[in-house]
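Here is what each chain is made of, one letter per residue.
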Amino acid sequence: MEKEMVSVEKKQKKSLFYKLGIGLLMISLLLWLIPVTTPFTSLSTQIKAGVITGSIIMSEIMFWVGALLVGKEVAAKFKSYLNPKKWRK
C-alpha cells in the first residue's frame, strides 16, 4: 500500500515537470514572434536590437530547459514538427 502511494506521488511530480516542459516549449515558440514584429514598432534602433536579441536568447533557453524536462524523444518530435520540409507531408 505504501509503495503504491510513493509511486503515485512520483507520477504526479513527473507529470507536473512534463506539463511545465511542454509549456516552456510552447512559450519558446511564441517568443519567436517578437523578432518578427519588433521592426514594425516605433522603438529606437538600439532598443529594437536589444529586444530582438533578448527574445531569441530567451526562446532558446526556454526551449532547451523544456526539452530537458519532457525528454529527448518528445523534444525531437516537437522539433521535427518545426521543419518546413515536413510540412507538406
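Everything discussed here concerns the structure shown above.
Residues numbered from 1 in each chain as written. Predicted model: local features only at pLDDT ≥ 70, side-chain atom pairs only at ≥ 80, totals over all residues. Heavy atoms only, no water.

A. Region of the structure containing the nonpolar core. Counting six residues, the largest nonpolar core is built from Leu25, Phe63, Ala67, Val70, Ala75 and Phe78. Looking at this core, the elements with two or more residues in it are α3 (45-70) and α4 (72-81). In terms of residue count, the dominant contributor to this core is α3 (three residues). Dropping the residues within four chain positions of it, Ala67 is found in contact with Leu25, Lys72 and Ala75. (Core = buried A, V, L, I, M, F, W, Y, C linked by side-chain atoms within 4.5 Å. Buried < 20%, exposed > 50% of the residue type's maximum accessible area, 1.4 Å probe, protein only. Helix = DSSP H or I, 4+ residues; strand = E, 2+ residues; numbered from the N terminus. Contact = heavy atoms within 4.5 Å.)

B. Spotlight on α3. For α3, built from 26 residues, the straight-helix expectation of 38 Å at 1.5 Å per residue is met to within 8% by its first-to-last C-alpha distance of 37 Å. If you check which residues of α3 are buried, you get Lys48, Ser55, Ser59, Met62, Phe63, Gly66, Ala67 and Val70. Directly beyond the C-terminal end of α3, a positive phi value near 110 degrees is found at Gly71. (Expected span 1.5 Å × (residues − 1).)

C. Quick look at the packing of α3 against α4. α4 packs onto α3 with a crossing angle of 135 degrees between their chain directions and a minimal axis gap of 6 Å. Considering their axes alone, α3 and α4 lie oblique with respect to each other. Side by side, α3 and α4 meet where Phe63, Trp64, Ala67 and Val70 of the first sit next to Lys72, Val74, Ala75, Phe78 and Lys79 of the second. The class makeup of the residues in the contact of α3 with α4 is seven nonpolar, no polar and two charged. (Axes fitted to C-alpha atoms, helices over the stretch in contact; angles between N-to-C directions. Parallel < 35°, antiparallel > 145°, perpendicular 65-115°, else oblique. Nonpolar A, V, L, I, M, F, W, Y, C, P; charged D, E, K, R; others polar.)

D. View of a nonpolar patch on the surface. Together, Ile57, Met58, Ile61 and Val65 give the surface a local cluster of nonpolar side chains, amounting to about 340 Å² of exposed area. In this fold, Ile61 is placed in helix α3. When its relative accessible area of 44% is taken as the criterion, Ile61 is described as partly exposed. (Patch = residues over 30% accessible without salt bridge, like charges linked within 9 Å, V, L, I, M, F, W, Y side chains within 5 Å. Areas by Shrake-Rupley, 256 points an atom, 1.4 Å probe, with all protein chains shown as cover. Salt bridge = Lys/Arg side-chain N within 4 Å of Asp/Glu carboxyl O.)

E. Spatial organisation of the environment of Phe17. Relative to the helices and strands, Phe17 resides in helix α1 (residues 2-31). Given the relative accessible area of 45%, Phe17 is considered partly exposed.

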